[in-house]
Protein chains: 2
Amino acid sequence: MRNGSGGFSFVLAMGLGDGVYPPPPCAILWSARPHAATKEAMAKPLSPLENLLSVLPPELAATLFATARPHRLKADQTLFTAGDPGDGCYRVEQGLLKVSVVSPSGGERILAILGPGSLVGEFAMLDAQPRSASVTAARDSELSFISRKSFEGVAESHPDVYRHIVALLVRRLRDTNQVVAAMSFLSLKGRVAQALLSLAEAFGNDVGSGRILVKQKVTQSDLAAMAGIARENVSRILNDWMRAKLVSRLAGYYCLENRAALEKEAAM
Amino acid sequence: MRNGSGGFSFVLAMGLGDGVYPPPPCAILWSARPHAATKEAMAKPLSPLENLLSVLPPELAATLFATARPHRLKADQTLFTAGDPGDGCYRVEQGLLKVSVVSPSGGERILAILGPGSLVGEFAMLDAQPRSASVTAARDSELSFISRKSFEGVAESHPDVYRHIVALLVRRLRDTNQVVAAMSFLSLKGRVAQALLSLAEAFGNDVGSGRILVKQKVTQSDLAAMAGIARENVSRILNDWMRAKLVSRLAGYYCLENRAALEKEAAM
DNA sequence: GCAATCCTGTGATGGCCGTCACATCGTCCC
DNA sequence: GGGACGATGTGACGGCCATCACAGGATTGC
């Protein structure tokens, strides 16, 4: 992880990506991607960009960010760790963050990957409790810090924002049921497929004939931490899929060649 | 599951329990029991009885329940299934419910066990989306149904309830991070230990010298569905622990003999 | 009391998957 | 360019754990 690329590095315009920079807002709210519904009619999963601040009237959001304190992170720096006191949240302006839980023995499980436009640490902004997960920068990043105090000031003048927030939180909670189901019922392959599909949804670029290029450098270790499995098995699974033409690799970037087949792998 | 005891049957006064009936409100919000914090200072887990309605001013709750429609369930009947449309929630008046996700192949994962005083299906009351989990009666049960409409009527007149609800939902979301961590990092033994400790917390009775009796008949299959493992392994693990005097069985009820040791097993 | 049904205990088996150990390769930096 | 370091590929091994099978128990229903 040298040169500030921290594991998830952004693909610059090179004929592969769409060439825009800065990129459009994007993120994986890892828990928000049920790729297989237990029944036809599931609630629509939550887009990670529909966040607490996006429900504020624009002028209120503006006043919040007027007083926001900028915060810079170098790649691999940690923003906070589970258990830390928390009194506000951050908006990702630039860069990429990784939300994860870690075990004392060093294991890491990635819960979400957040790009520009996303909020992180919102819970502490709402209830001032200690952080429940850890956040580290996957590459050099710029954030805006919004304190709980300033948010509360704004919310007090517009108490109906809480109602919208309730709707958002409920959707997130619904999604977590899907996560538990996936962890309980899916095989390794299924979980890796879910991880790939999530990446494609958040950072994917349609490059014709249904192929989706993931415009992020993702290591097998990252995928392993997302799926909660060993890195070696990610390697084996990906190679199986490359042989079977489900995925391919272009200049270090993964490309889904057959999304439907992957979705079948990810189905429970 | 004959005779209405549906897998979790209640221990009546027999020298073991405390003999009160109906029992005091109790429940496992399975996702709300982090038995091992990744850091010293974690947020206090949410009691399953601090629910959406407990934040209402008492007189409002009273008006809500004045119009509530009673609903009866026989043991093993299902109240609703994931994907069903939902337009309200239920309060458990009597009996015991099991919240779970099921896989198409028949696997079941228990998310929560709810006794009298608990709410179930609150999400649909808040946002009218399809159910995200399934609920079945573990024994004959009586519920009160509160429609979304009537809740909204009440909430509209007291918009600040949404603020309290936000705090509750955030606590639940925090807890789910712990659940993911537990599923990622804990061994079978650890997960069974967590299940037992949760049962003890919700349905436990201190019977002296630190021993905790679980006043519920729990089958090994139930424990297996809670921990997400095979029933046979629950049997083996429990027998190990019985030999090691960590748990015992009294007239069909489990009893934690050494809570501290179990907590060590459940630690990550 | 007897049959049916559930729950429990236990062995055998096999496979998935984590761990270890390398070799290879690419990339970056000096 | 050469070394360092990280990422990747692959084999071997072993253990955990699911599955199958079946044999008692325990409970219940009749």
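As a reminder, the structure under discussion sits directly above these lines.
Computed from a prediction, not measured in an experiment: that's the story for all the values here.

**Brief notes about the overall build of chain A**
Reasoning step 1: When helices and strands are counted, chain A shows eight helices and 13 strands.
Reasoning step 2: Within chain A, the fraction of its 268 residues that count as buried is 50%.
Reasoning step 3: Restricting the contact set of chain A to residue pairs at least 6 apart, pairs at least 24 apart contribute 74%.

**Side note on the interface of chain A and chain B**
Reasoning step 1: Taken residue by residue, the interface counts 45 residues in chain A and 45 residues in chain B.
Reasoning step 2: Every element with two or more residues in the side of chain A that touches chain B is listed here: β5 (88-102), β6 (108-114), α2 (122-127) and α4 (161-185) of chain A.
Reasoning step 3: In terms of residues, the side of chain A that touches chain B owes the most to one element, α4(A), which gives 18 residues.
Reasoning step 4: Residue composition of the side of chain A that touches chain B, by class: 27 nonpolar, 10 polar and eight charged.

**Notes on the relation of the copies chain A and chain B**
Reasoning step 1: For these two chains of identical sequence, chain A goes onto chain B by a turn of 180° and a shift of 0.0 Å along the axis, with RMSD 0.0 Å. In symmetry terms, the pair is related by a two-fold rotation axis.
Reasoning step 2: By residue overlap, the copies meet face to face through one surface: 100% of the interface positions of chain A are interface positions in chain B.

**Points about helix α4 (residues 161-185) of chain B**
The periodicity of an α-helix, 3.6 residues per turn, causes residues three or four positions apart to be oriented the same way.
Reasoning step 1: With 25 residues, α4(B) should cover 36 Å at 1.5 Å per step; its first-to-last C-alpha distance of 37 Å lies within 8% of that length.
Reasoning step 2: Here α4(B) lies mainly inside the structure; 19 of its 25 residues are buried.

**With respect to the environment of L256(B)**
Residues and elements named next belong to chain B.
Reasoning step 1: Relative to the helices and strands, L256 resides in strand β13 (residues 253-256).
Reasoning step 2: With 26 C-beta atoms packed within 10 Å, L256 lands in the buried category.
Reasoning step 3: Once the C-alpha coordinates of L256 and R211 are considered, the two residues, 45 residues apart in sequence, prove to be 5.6 Å apart.

**Structural notes on the nonpolar core**
Reasoning step 1: Judged by nonpolar contacts, the single largest core of 154 residues is most densely connected at L97(A), V166(A), L196(A), L97(B), V166(B) and L196(B).
Reasoning step 2: The contacts of L97(B), once residues within four sequence positions are left out, are L79(B), V92(B), L114(B), V120(B), V135(B), A137(B), A138(B) and S141(B).

**Digging into the pairing of strand β13 (residues 253-256) of chain A**
Each regular strand shows side chains that alternate between the opposite faces of the sheet.
Residues and elements named next belong to chain A.
Reasoning step 1: Relative to β13, strand β10 (residues 212-214) is paired through two bridges, and the arrangement is antiparallel. Counted as the bridge partner of L213 is C255 from β13.
Reasoning step 2: Bridge count between strand β12 (residues 247-250) and β13: four bridges; the pairing is antiparallel. Directly across from R249, in β13, lies its bridge partner Y254.
Reasoning step 3: Connecting β12 to the antiparallel partner β13 that follows it, the hairpin turn spans two residues, and A251 within it adopts a positive phi of roughly 50°.

**Some details on the sheet that holds strand β10 (residues 212-214) of chain B**
Residues and elements named next belong to chain B.
Reasoning step 1: With antiparallel pairing, four strands are arranged side by side in an open sheet as β9-β10-β13-β12. Two strands in the sheet have a free side with no partner beyond their single neighbour: β9 (204-206) and β12 (247-250). Taken over all neighbouring pairs, the strand axes of this sheet differ in orientation by 30° on average, direction set aside.
Reasoning step 2: Direction of pairing for β9 relative to β10: antiparallel, over a ladder of three bridges. Residue pairing in the sheet places G204 in a bridge with V214 of β10.
Reasoning step 3: Sheet strands touched by helix α5 (residues 188-203): β9, β10, β12 and β13. Its angle to β10, the strand with the most contacts, is close to 90°.

**Things to note about the environment of E122(A)**
All names here are of chain A.
Reasoning step 1: Position of E122 relative to the elements: it lies in helix α2.
Reasoning step 2: C-alpha of E122 to C-alpha of G95: the two residues are 27 residues apart in sequence and 18 Å apart in space.
Reasoning step 3: Ignoring anything within four residues of it in the chain, the contact list for E122 reads N51, L52 and C89.

**As for the sheet that holds β10(A)**
All names here are of chain A.
Reasoning step 1: Taken in spatial order, the four strands make up an open sheet running β9-β10-β13-β12, and their pairing is antiparallel. Every other strand in the sheet has two partners, leaving β9 (204-206) and β12 as the edge strands with one partner each. The sheet shows a mean angle of 30° between the axes of neighbouring strands, direction not considered.
Reasoning step 2: Seen against the sheet, helix α5 (residues 188-203) touches β9, β10, β12 and β13 and runs at an angle of roughly 90° to β10.

**A look at the packing of α5(A) against helix α7 (residues 231-243) of chain A**
Residue and element names in this part refer to chain A.
Reasoning step 1: Running from N to C, α5 and α7 point in directions that differ by 80°, and their axes come no closer than 10 Å. Judged by the angle between their axes, α5 and α7 are roughly perpendicular. Between α5 and α7, the contacting residues are L188, K189 and V192 on the first element and N233, V234 and I237 on the second.
Reasoning step 2: Here the contact of α5 with α7 is composed, by residue class, of four nonpolar, one polar and one charged.

Rules behind the numbers
- Counting starts from 1 at the beginning of each chain's written sequence and moves along it residue by residue.
- Throughout, the order in which chains and ligands are written sets their labels, letters from A for the former and numbers from 1 for the latter.
- Side-chain atom pairs in this predicted model are given and counted only at pLDDT of 80 or more, local residue features only at pLDDT of at least 70, and totals for whole chains, interfaces and linings cover all residues.
- Counting from the N terminus, the helices are DSSP H or I runs at least four residues long and the strands are E runs at least two residues long.
- With C-beta atoms placed from the backbone, the exposure class of a residue follows from how many other C-beta atoms lie within 10 Å of its own: 20 or more, buried; 12 or fewer, exposed; in between, partly exposed.
- Distance between backbone-placed C-beta atoms decides contact: two residues are in contact if it is within 7 Å.
- Three classes are used, and their members are as follows: Ala, Val, Leu, Ile, Met, Phe, Trp, Tyr, Cys and Pro are nonpolar, Asp, Glu, Lys and Arg are charged, and the others, Gly among them, are polar.
- The fit set for superposing copies consists of C-alpha atoms from residues with pLDDT of at least 70 in both; the fit itself is least squares.
- Expected span of a helix, by definition, is 1.5 Å for each gap between consecutive residues, and there is one gap fewer than residues.
- Nonpolar cores are built from buried Ala, Val, Leu, Ile, Met, Phe, Trp, Tyr and Cys residues. These are joined into a set through C-beta atoms within 7 Å.
- Pairing between two strands requires that DSSP report at least two bridges joining them.
- Simply put, an axis is a line fit to the C-alpha atoms, just over the touching stretch for a helix, and the angle between two N-to-C directions goes from 0 to 180 degrees.
- Here the angle decides the label: under 35 degrees means roughly parallel, over 145 means roughly antiparallel, 65 to 115 means roughly perpendicular, and every other value means oblique.

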